[in-house]
Amino acid sequence: YDEPTSGLDLFHMQQVAEGIRRVRERGITQVVITHDPEFALSCCTHVAVMDRGRITEAYPLEESGISRLASFFRSKGRRGSANPQDSFFATEGVKL
């Protein structure tokens with residue numbers, strides 16, 4: 001999914017996240033492209049950071065992964081950036 005919550009309010013973002021979680025519970029792997037850390041934390045299990053089309057970081061969203069994700073968005077004001085070099089992919093139900 002490419003920016004599935006772009007332009008949505010909190011209520012509707014939560015509905016999209018719930019839908020992604022339900023699909024994950026069925027054992028289906030999904031890839032989500034987002035610049036919204038709250039959304040990623042609400043429904044994703046792993047992160048892969050991409051730079052110029054290459055994965056530069058990959059990690060699960062467990063305790064240390066959550067800290068890494070927060071640092072990523074704090075650095076250089078990346079939150080909300082439309083720069084493709086700052087994009088990250090959060091995957092569901094599979095280890096990278």
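From a predicted model like this one, the values you see are computed outputs, not experimental measurements. (Residues numbered from 1 in each chain as written. Predicted model: local features only at pLDDT ≥ 70, side-chain atom pairs only at ≥ 80, totals over all residues. Heavy atoms only, no water.)

Caption draft 1: Seen up close, the confidence of the model for the protein chain. Predicted confidence across the protein chain gives a mean pLDDT of 81, with 78% of residues reaching 70 or more. Element-level mean pLDDT values for the protein chain span from 52 in strand β4 (residues 88-91) up to 94 in helix α1 (residues 10-25). (pLDDT = per-residue confidence, 0-100. Helix = DSSP H or I, 4+ residues; strand = E, 2+ residues; numbered from the N terminus.)

Caption draft 2: Here's a closer look at the pattern of salt bridges. Throughout the structure, instances matching the rule amount to 4 salt bridges. Across the pair E57 and R68 runs a salt bridge, and its minimum N-O distance is 3.0 Å. A residue pair is termed long-range when its members are at least 10 positions apart, and E57 in strand β3 (residues 54-60) and R68 in helix α3 (residues 63-74) qualify at 11 residues. You can call E57 partly exposed: its relative accessible area is 29%. One connected set of salt bridges, linked through shared partners, spans E18, R21 and R22. (Salt bridge = Lys/Arg side-chain N within 4 Å of Asp/Glu carboxyl O. Buried < 20%, exposed > 50% of the residue type's maximum accessible area, 1.4 Å probe, protein only.)

Caption draft 3: Structural context of the nonpolar core. The biggest cluster of nonpolar side chains holds 15 residues, and the ones touching the most others in it are F39, C43, C44, V47 and L69. Where this core is concerned, the elements lending two or more residues are α1, α2 (37-43), β2 (46-51) and α3. (Core = buried A, V, L, I, M, F, W, Y, C linked by side-chain atoms within 4.5 Å.)

Caption draft 4: Structural context of α3. Its 12 residues give α3 an end-to-end C-alpha distance of 17 Å, which sits within 8% of 16 Å, the value for a rise of 1.5 Å per residue. Among all positions in α3, only G65, L69, F72 and F73 are buried. End-on view of α3: buried residues confined to an arc of 90 degrees, all on one side of the axis. Of the exposed residues in α3, those oriented more than 90 degrees away from the buried face are E63 and R74. (Expected span 1.5 Å × (residues − 1). Arc of directions from axis to C-beta.)

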